[in-house]
Amino acid sequence: MGGGLVGAEAAVGFHHEGKECTIVEMKPAIVEDVNSFYRGGLMPEVEKATACYVNTKVKAVVPEGVLCEKDGEDLLLEADTVVCALGLKAPYEKVDALAELVDECYIIGDCGKVGKIYDAMNTGYYAAVRV
Ligand SMILES: Cc1cc2nc3c(=O)[nH]c(=O)nc-3n(C[C@H](O)[C@H](O)[C@H](O)COP(=O)(O)OP(=O)(O)OC[C@H]3O[C@@H](n4cnc5c(N)ncnc54)[C@H](O)[C@@H]3O)c2cc1C
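Throughout what follows, the structure given in this document is the object of discussion. What you are looking at is a predicted structure, and each value in this text was computed from that prediction instead of being measured.

### Things to note about the pairing of strand β3 (residues 56-62)
Strand direction decides the pairing type here: β3 and strand β4 (residues 65-70), joined by six bridges, are antiparallel. Opposite Lys-57, over in β4, you have Glu-69 as the bridge partner. Between β3 and the antiparallel strand that follows it, β4, lie two residues.

### Some points on the packing of aromatic side chains
Taken as a whole, this structure holds one aromatic pair when the rule is applied. Plain terms: the ring middles of Tyr-125 and Tyr-126 are 5.0 Å apart, the flat faces sit at 85 degrees to each other, and that makes the pair edge-to-face.

### Observations regarding the site of the ligand
Near the ligand, the surroundings consist of Val-6, Gly-109, Asp-110, Gly-115, Lys-116, Ile-117 and Ala-120. At 2.8 Å from an oxygen atom of the ligand is found a main-chain nitrogen or oxygen belonging to Asp-110. Within the backbone of Gly-115, an N or O atom sits 2.9 Å from an oxygen atom of the ligand. A breakdown of the residues in the shell around the ligand according to their chemical character gives three nonpolar, two polar and two charged.

### Some thoughts on the pattern of salt bridges
Pairs may arise between side chains of opposite charge once their charged atoms sit close together. Following the criterion strictly, the structure yields three salt bridges and no others. Residue Asp-74 pairs with Lys-59 through a salt bridge whose shortest N-O separation is 2.7 Å. Of this pair, Asp-74 sits in strand β5 (residues 73-78) while Lys-59 sits in strand β3, and the two are 15 residues apart along the sequence. Taking the relative accessible area as the measure of exposure, Asp-74 reaches 51% and is therefore exposed. Classification of Lys-59 by relative accessible area gives partly exposed; the value is 45%.

### Things to note about helix α2 (residues 36-49)
With 14 residues, α2 should cover 20 Å at 1.5 Å per step; its first-to-last C-alpha distance of 19 Å lies within 8% of that length. Of all the bends in α2, the greatest reaches close to 30 degrees and is centred on Leu-42; the proline Pro-44 follows between one and four positions later. Three or more residues of α2 are buried, namely Leu-42, Met-43, Val-46 and Ala-49. Those residues of α2 hidden inside the fold are in contact with α1 (5-16), β1 (21-24) and β2 (50-53). You can read the cap of α2 off the contacts: a side-chain oxygen lies 3.1 Å from the backbone nitrogen of Phe-37, and it is on Asn-35.

### Observations concerning the pairing of β5
Moving residue by residue along a regular strand, the side chains alternate between the two faces of the sheet. Strand direction decides the pairing type here: β4 and β5, joined by six bridges, are antiparallel. Looking at the pairing, Gly-65 lines up with Glu-78 of β5. The hairpin formed by β4 and β5 contains two residues between the paired strands, and Asp-71 there has a positive phi angle of roughly 50 degrees.

Conventions used here
- Residues numbered from 1 in each chain as written.
- Predicted model: local features only at pLDDT ≥ 70, side-chain atom pairs only at ≥ 80, totals over all residues.
- Heavy atoms only, no water.
- Pairing = 2+ DSSP bridges.
- Helix = DSSP H or I, 4+ residues; strand = E, 2+ residues; numbered from the N terminus.
- Phe/Tyr/Trp six-rings, centres within 6.5 Å; stacked < 30°, edge-to-face > 60°.
- Near = heavy atom within 4 Å.
- Polar contact = N/O pair within 3.5 Å; in protein donor to acceptor, adjacent residues only side chain to side chain.
- Nonpolar A, V, L, I, M, F, W, Y, C, P; charged D, E, K, R; others polar.
- Salt bridge = Lys/Arg side-chain N within 4 Å of Asp/Glu carboxyl O.
- Buried < 20%, exposed > 50% of the residue type's maximum accessible area, 1.4 Å probe, protein only.
- Expected span 1.5 Å × (residues − 1).
- Bend = angle between axes of the 7 residues up to and from the residue.
- Contact = heavy atoms within 4.5 Å.

Written as structure tokens, this is what we have:
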């Protein structure tokens with residue numbers, strides 16, 4: 001479940017272990033939000049490794065596999081193992097509670113906004129400049 005970077009790379013890895021994989025992604029494309037250079041290298045591997053269902057939304061995990069919705073219709077994708085790669089969210093409440101304990105606080109990296117290493121380095125750099 002989830003055709004972002006984590007789900008797509010995981011599927012390629014599972015394929016190399018001999019497993020049969022299917023990716024379910026609600027957006028119109030797999031790994032839509034990575035840079036085109038990396039995506040260009042990854043996508044041929046994804047296409048070899050896994051069946052891809054885009055514009056397909058997970059509704060529930062059921063005993064037979066994953067129940068989805070595609071074009072307004074229910075679709076059951078049978079599976080014996082389901083991997084959840086539906087993304088991460090910054091823990092804003094915890095971060096805010098900790099930030100309130102100090103006079104000066106810089107929120108950087110994934111606890112501000114979940115992103116890539118570049119974003120964590122970037123926000124870290126600018127926080128360091130301001131300290
Ligand atoms: C599976 C996966 C693959 C990824 N692949 C890539 C990739 O290929 N390229 C890329 O650019 N980015 C990738 N990312 C994203 C990248 O990992 C993050 O952008 C980066 O790690 C963010 O850095 P950070 O320091 O903000 O958070 P983290 O690296 O998550 O560091 C936060 C640290 O804080 C610790 N921590 C949390 N709560 C507490 C607490 N209460 N007390 C003490 N310590 C605590 C955690 O244990 C963790 O070690 C990937 C992410 C995942 C999940």
